[in-house]
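Observations on the model geometry
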Amino acid sequence: MRGIDVSHWKGSINWPLVRAGGYRFAFAEATNGFTADWTYGSNRAGAATAGLSFGAFHYARPGGSTPRAVIADAVAEADFFVSVAAPQTGDLAPVLDLERTGGLTRASLRAWTAAWLNEVWQQTGSRATIYSSPTFWRHSMRDASVFATTGSRLWVAHWHVRRPWVPAADWGSAGWTFWQWTNCSHVPGIRGCVDGDRFRGLRIASALTAPQPVVVDPPTVVGVPEGGQTLSATGGTWQADPAPTLSYQWQRCSDTTAQQCAAIPKAVTSAYTVAPADVGSTLRVLVTATSRARSAWSASTAVPVNA
């Protein structure tokens, strides 16, 4: 299935002609670092009116001179992207376009990428797709496969070949989802060359973001909240199709209203044994429900821990 990706460099686009030319999806640049693409709104509206499936991408400008600054920069770029792109249910998943290192080391660039992806996930409930070339991924990201295993799809940029080379061990055996096969496709309704893309699937609808799971009954904590005792968590009741998978994160809170809580390292199962460090604080469990690559969160009521 054919599609395109565009930015302000393409100027005004006649979207009905694009559709008539046999194209069924489009990605448009929403942000570039901390700059918004001024054609994003018109491209989004035009693609929607013409009946093309649509997604937004962020051209990454990684930065930061310290580990803390690297994370802060990634989070800030992610928040800016979400504010401009305004991803919605029914869109193609958000995209992180990785083409520059910003002078970061491989380890720092992987940390930046993880922080950006996680922030978008926290903000939207969607795991973003990653756009990259095989060469960039191999050399600048050390061919990391962790992002494939955590749920990000791959949009691979590999031009003028019969089939693309897919990094990270065939993207964790999942392969590519989108392939930018050329930087010079001639498309009705667009002047000059435009990036040409393909979707590996029969129906583009399978790549659209699903509704987030909805919590019906929140999680609960069962047991005696005292030192040495084991607490268990119920996952709550969720509305999603198909039924969601659940993951758990226990948190320690410094107040009874659970406004100041921090994750307890390695406490990621439905059972938790109360530790001495918990005495005098409150505990709660945060449950993440994921269905069709879309997530939502719900927390239990915090329970006070006695000695």
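Please refer to the structure higher up on the page.
Structural notes, computed from the coordinates. As the structure is a prediction and not an experimental result, all values here were calculated from the model.

1. Side note on the state of the cysteines
In total, this model carries two disulfides according to the counting rule given. Note on cysteine connectivity: C184 is disulfide-linked to C193, with sulfurs 1.8 Å apart. By relative accessible area, C184 is classed as partly exposed at 32%. Between C253 and C261 runs a disulfide, and the two sulfur atoms are separated by 2.1 Å. Residues C253 and C261 are joined through a disulfide that is right-handed, its torsion about the S-S bond being 100°. The exposure class of C253 is buried, given its relative accessible area of 1%. C261 gets classed as partly exposed once you look at its relative accessible area, which sits at 25%. When the cysteines of the protein chain that form disulfides are numbered from the N-terminus onward, they connect as 1-2, 3-4.

2. As for the pairing of strand β8 (residues 178-185)
Within a regular strand, the side chains alternate between the two sheet faces. The pairing of strand β7 (residues 154-157) with β8 spans three bridges and is parallel. Its bridge partner being in β8, W155 is matched across the sheet by F178. Across five bridges, the pairing between β8 and strand β9 (residues 194-199) is antiparallel. Considered in β9, the bridge of S185 is made with V194.

3. Some details on the packing of aromatic side chains
Within this structure, the stated rule accounts for 15 aromatic pairs. When the ring of W176 is compared with that of W179, the centres are 5.7 Å apart and the planes differ by 65°; the resulting orientation is edge-to-face. The exposure class of W176 is buried, given its relative accessible area of 14%. Ring pairing ties together the aromatic residues F25, F27, F57, Y131, W155, F178 and F199, which thus form one cluster. Taking the ring centre of W176 as reference, the NZ or CZ of R200 above it sits at 5.7 Å.

4. Structural notes on unusual backbone geometry
Of note, the amide linkage connecting D241 to P242 takes the cis form, showing an omega dihedral of 0°. Mapped onto the elements, P242 comes out in the loop between β13 (237-239) and β14 (245-253). A positive phi angle, near 50°, is found at A169, a position not held by glycine. Note that A169 resides in helix α7 (residues 167-172). With a relative accessible area of 60%, A169 lands in the exposed category.

Procedures and definitions
- Residues numbered from 1 in each chain as written.
- Predicted model: local features only at pLDDT ≥ 70, side-chain atom pairs only at ≥ 80, totals over all residues.
- Heavy atoms only, no water.
- Disulfide = S-S within 2.5 Å.
- Buried < 20%, exposed > 50% of the residue type's maximum accessible area, 1.4 Å probe, protein only.
- Pairing = 2+ DSSP bridges.
- Helix = DSSP H or I, 4+ residues; strand = E, 2+ residues; numbered from the N terminus.
- Phe/Tyr/Trp six-rings, centres within 6.5 Å; stacked < 30°, edge-to-face > 60°.
- Lys NZ or Arg CZ within 6 Å of the ring centre and 35° of its normal.

Distances and angles like these do not, on their own, reveal function.
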